[in-house]
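Results of the structural survey
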Number of protein chains: 2
Amino acid sequence: MAMEVAQFDALVLRLPENVLLLSGFWPMIGAAFLVFPLDGTPVCIIPDCYKAEASSALRSVQPVFFSYGLTDSPPSDDAVRKLLSALPGALNWRRIGYEAAFEAIAPSWNSAESLVPAAGTVSLLQSAFPNALLVDASGLLKKERRTKTKYEISRLEIASEISAIGLEAFQHAVDVGRTGVELAADVEREVMVRATGYRGAVRVRAYAQVTVGPEETSLGYRPNVISTTRQLRRGEIALLELGLVADGYWADRTRARVAGTPSELQQAYFDTVVLAQEAAIASIKPGISASTVDMAARSTIQSAGFANFFPHITGHGLGFGYHESAPILGPRSQDVLEAGMLTSVEPALYDSSFGGIRIEDDVLVTSNGSKVLGPYLKSLI
Amino acid sequence: MAMEVAQFDALVLRLPENVLLLSGFWPMIGAAFLVFPLDGTPVCIIPDCYKAEASSALRSVQPVFFSYGLTDSPPSDDAVRKLLSALPGALNWRRIGYEAAFEAIAPSWNSAESLVPAAGTVSLLQSAFPNALLVDASGLLKKERRTKTKYEISRLEIASEISAIGLEAFQHAVDVGRTGVELAADVEREVMVRATGYRGAVRVRAYAQVTVGPEETSLGYRPNVISTTRQLRRGEIALLELGLVADGYWADRTRARVAGTPSELQQAYFDTVVLAQEAAIASIKPGISASTVDMAARSTIQSAGFANFFPHITGHGLGFGYHESAPILGPRSQDVLEAGMLTSVEPALYDSSFGGIRIEDDVLVTSNGSKVLGPYLKSLI
């Protein structure tokens, strides 16, 4: 890591996604603090109720536990402050990096509540390290997240293979009369039940959003859509947006299906999207600009005569979260692809009368090209 | 609101939970900004793809939309900055309150990603309002959240009634051979499918954690537990922790069930927990100290001879999130109950050889006592 360049004496992190990045341990909530010094052994300060999970997951990091959440536990800020102050060398640290600028936060497995670094964290760190300057380390962490290591890729492959289980569940569940809410709930249930334990995955959760019919699917480009109780009618499209986390590693997939037999126009739209995705994926390799990959998809769609129906970017980075900022596959992107980057590739067509179709897979940039993680059938039927 | 006392000229908020608090609109993600001036009409700046939801939900708040997430959208920070700067009177604001100190964040419906106010938000606000001082308004907002309005109570009742649907699904699903993962997935699915549309609820999501058997349930006091693939055996306890959100309003429930016939000891533990919960609820009324309510539960457990088996507090506030900081029903709490407060009441017993049992309901402090929202059967069988 470029800590020396950035002149940090230590990083102190609490977002589960960044604790995972630097320690291999994905905390259940943001109550654990990872201390990553420039010199010396990293330490993770962890609520004692997570002793079992932490001990088995931490790699090259020393765990320290504190009593948490019980009536006789000291206030946890006090406990953490004491443990931070007592770290070897801590008194000599002058610049400490923390997560000041993470605005998009990945949830933990339960995801009903996230603990994030705000004013309370800053004041905790300042009182634990009164002689140190607290400096934003988000740039360093995001840079570290741009490309994935071999180990991380192996874990991201598991997440993508699990997402294919969700796509399969959707493929089977779509039928006339079913609602978006039912389809989304089915996909989420199937993933949790069938994929927990898959290749060692312990904590698996799917976040499915299913739109049905022209009015809903034509808005399917929205970053978050609501599954509703509207029923799917014969001949209509159902569109699944699937976010998925397996032990802290993310996948992001989309498939479309028709209830019954697709019309010729639906099939033409679908085939165009498939071709656009194939063109984009075929263009991916180290050194190519992200805007060129976007253009590969976009020009395929333009050639088919649907230029106005693809209003969003072709893809985005991901891995330690549902979305990451590098690379962005879009017309205005300045990114250049590097081996080890992971990006979604998700061309689409939306038309208010016809509806929407999108296909999304997660693609790894390899040393000489690309690899689709967790490949799965693309079919309207 | 006490804005005049706090001397804010305006609040600018982006956490969905606080936008809901002050506007009635629960944004899909934290990309909307609510501006709540001391004088004048509140304005909500919203990505245009959420026009339909926002327009129907906003009460006494003027919506302003900006193009979001498309290839021809200007960067959204720029769009928001321009709209903020152009607000009537904005140039005269000297003190602007924002959410500097929210460390526990409630997710939105999709919950795969949260946008939170960090360094980017601060710099956005500072550039939009160069003459204003940005001041933490978390204290004011948390105070506003301490007691619930009549309207909020009606919405929280819907969330609690929906959580009872989840408790019922659990009651029916528990059986020999089933795993915690299966039971949790079933509860989450049933809630989404059966409760979307219930009394007008549009966005419903359950977060279930189910532990089974002595080893797992005896750790059931942990703030977040992991459902596993361990199978429930005859005579063992399954313990459900259920967080639930319905259109931004939360419920937090727990039930225990035995697969088959409970042992005498299990029944004795269970009956003690029921009595402890009843004693705590019976003590709830405006003016009573929260520590007295805790003691009502705790002394019941002590009298039964199980003093060492109840290591956590009796309850906590909730409503705009899974957990809120007021009131805390614990031995060291300084809180005094007020009409309109909502608190969980969740006594429990945990013993490493026996396992764990907890019962949790959400209780409203009324003008002359208390009311359990969404009441549901308590039974081991």
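Residues numbered from 1 in each chain as written. Chains lettered and ligands numbered in written order. Predicted model: local features only at pLDDT ≥ 70, side-chain atom pairs only at ≥ 80, totals over all residues. Heavy atoms only, no water.

The next thing to look at is the relation of the copies chain B and chain A. Here chain B sits on chain A after a turn of 180° about the axis and a move of 0.0 Å along it, with an RMSD of 0.0 Å. The transformation relating the two chain copies, once decomposed into turn and shift, fits a two-fold axis. Looking at the interface residues of chain B, 100% of them are also at the interface in chain A, so both copies use one shared face. (Least-squares fit on C-alpha atoms with pLDDT ≥ 70 in both. Contact = heavy atoms within 4.5 Å.)

Turning to the domain arrangement of chain A, a few remarks are in order. Residues and elements named next belong to chain A. Domain annotation of chain A identifies domain 1 (2–145) and domain 2 (150–373). Placing a centre on the C-alpha atoms of domain 1 and another on those of domain 2 gives a separation of 33 Å. Between domain 1 and domain 2 lies a buried interface of about 1,300 Å² when both sides are counted; carbon and sulfur atoms form 56% of it. Of all residues in domain 1, the largest losses of buried area upon contact with domain 2 belong to W26, W109 and R145, amounting jointly to 45% of the total for that side. Connecting domain 1 to domain 2 are one salt bridge. Secondary structure elements with two or more residues in the side of domain 1 that touches domain 2: α2 (16–23) and α6 (138–146). Considering each element in turn, the side of domain 1 that touches domain 2 owes the most residues, three residues, to α2. Tallied by class, residues from the side of domain 1 that touches domain 2 come to eight nonpolar, three polar and four charged. (Domains from an automatic or database assignment. Buried area = accessible area lost by both parts, 1.4 Å probe. Salt bridge = Lys/Arg side-chain N within 4 Å of Asp/Glu carboxyl O. Helix = DSSP H or I, 4+ residues; strand = E, 2+ residues; numbered from the N terminus. Nonpolar A, V, L, I, M, F, W, Y, C, P; charged D, E, K, R; others polar.)

Below, the discussion takes up the sheet that holds strand β5 (residues 95–98) of chain A. In a beta sheet, neighbouring strands are held together by backbone hydrogen bonds and run either parallel or antiparallel to one another. Residue and element names in this part refer to chain A. Read from one edge to the other, the open sheet built from six strands follows the order β4-β3-β2-β1-β5-β8, with strand pairing classed as mixed. Sheet topology places β4 (62–66) and β8 (133–136) at the edges, where each strand pairs with a single neighbour. Sheet twist, expressed as the mean angle between neighbouring strand axes with direction ignored, is 25°. Contacts from helix α4 (residues 76–85) reach β1 (10–13), β2 (33–37), β3 (43–47) and β4 within the one sheet, and its direction differs from that of β4 by about 145°. (Pairing = 2+ DSSP bridges. Axes fitted to C-alpha atoms, helices over the stretch in contact; angles between N-to-C directions.)

All of the buried residues along α6(A) are S138(A), L140(A), L141(A) and R145(A). Taken end-on, α6(A) shows its buried residues confined to a sector of 165°, consistent with a single buried face. (Buried < 20%, exposed > 50% of the residue type's maximum accessible area, 1.4 Å probe, protein only. Arc of directions from axis to C-beta.)

This part covers the interface of chain B and chain A. Across the contact, 67 residues belong to chain B and 67 residues belong to chain A. Roughly 5,600 Å² of surface becomes buried between chain B and chain A when both sides are summed, with 57% attributable to carbon and sulfur atoms. When the buried area of chain B at its contact with chain A is split by residue, T71(B), E103(B) and I226(B) rank highest and sum to 13% of it. Taken together, the connections running from chain B to chain A amount to eight salt bridges. With its nearest N and O atoms 2.5 Å apart, the salt bridge here joins R189(A) to D186(B). On inspection of chain B and its partner chain A, the count reaches 30 residue pairs in polar contact (both at pLDDT 80 or more). Elements that contribute at least two residues to the side of chain B that touches chain A include exactly β6 (104–105), β7 (114–115), α5 (119–128), α8 (180–195) and β9 (204–212) of chain B. Ranked by the residues each element gives to the side of chain B that touches chain A, the list is headed by α8(B), at nine residues. In terms of residue class, the side of chain B that touches chain A is made up of 38 nonpolar, 15 polar and 14 charged. (Polar contact = N/O pair within 3.5 Å; in protein donor to acceptor, adjacent residues only side chain to side chain.)

On to the pattern of salt bridges. Opposite charge on two side chains allows them to pair when their charged atoms are near. Tallying each qualifying case throughout the model produces 50 salt bridges over all chains. In this structure, K371(A) engages E157(A) in a salt bridge whose closest nitrogen and oxygen atoms are separated by 2.7 Å. One end of the pair, K371(A), is in strand β18 (residues 370–372); the other, E157(A), is in helix α7 (residues 150–173), with 214 residues separating them in the sequence. Judged by relative accessible area, which is 39%, K371(A) ranks as partly exposed. Taken together, the shared-partner salt bridges connect E168(A), R189(A), E190(A), R194(A), R178(B), E182(B) and D186(B) into one network.

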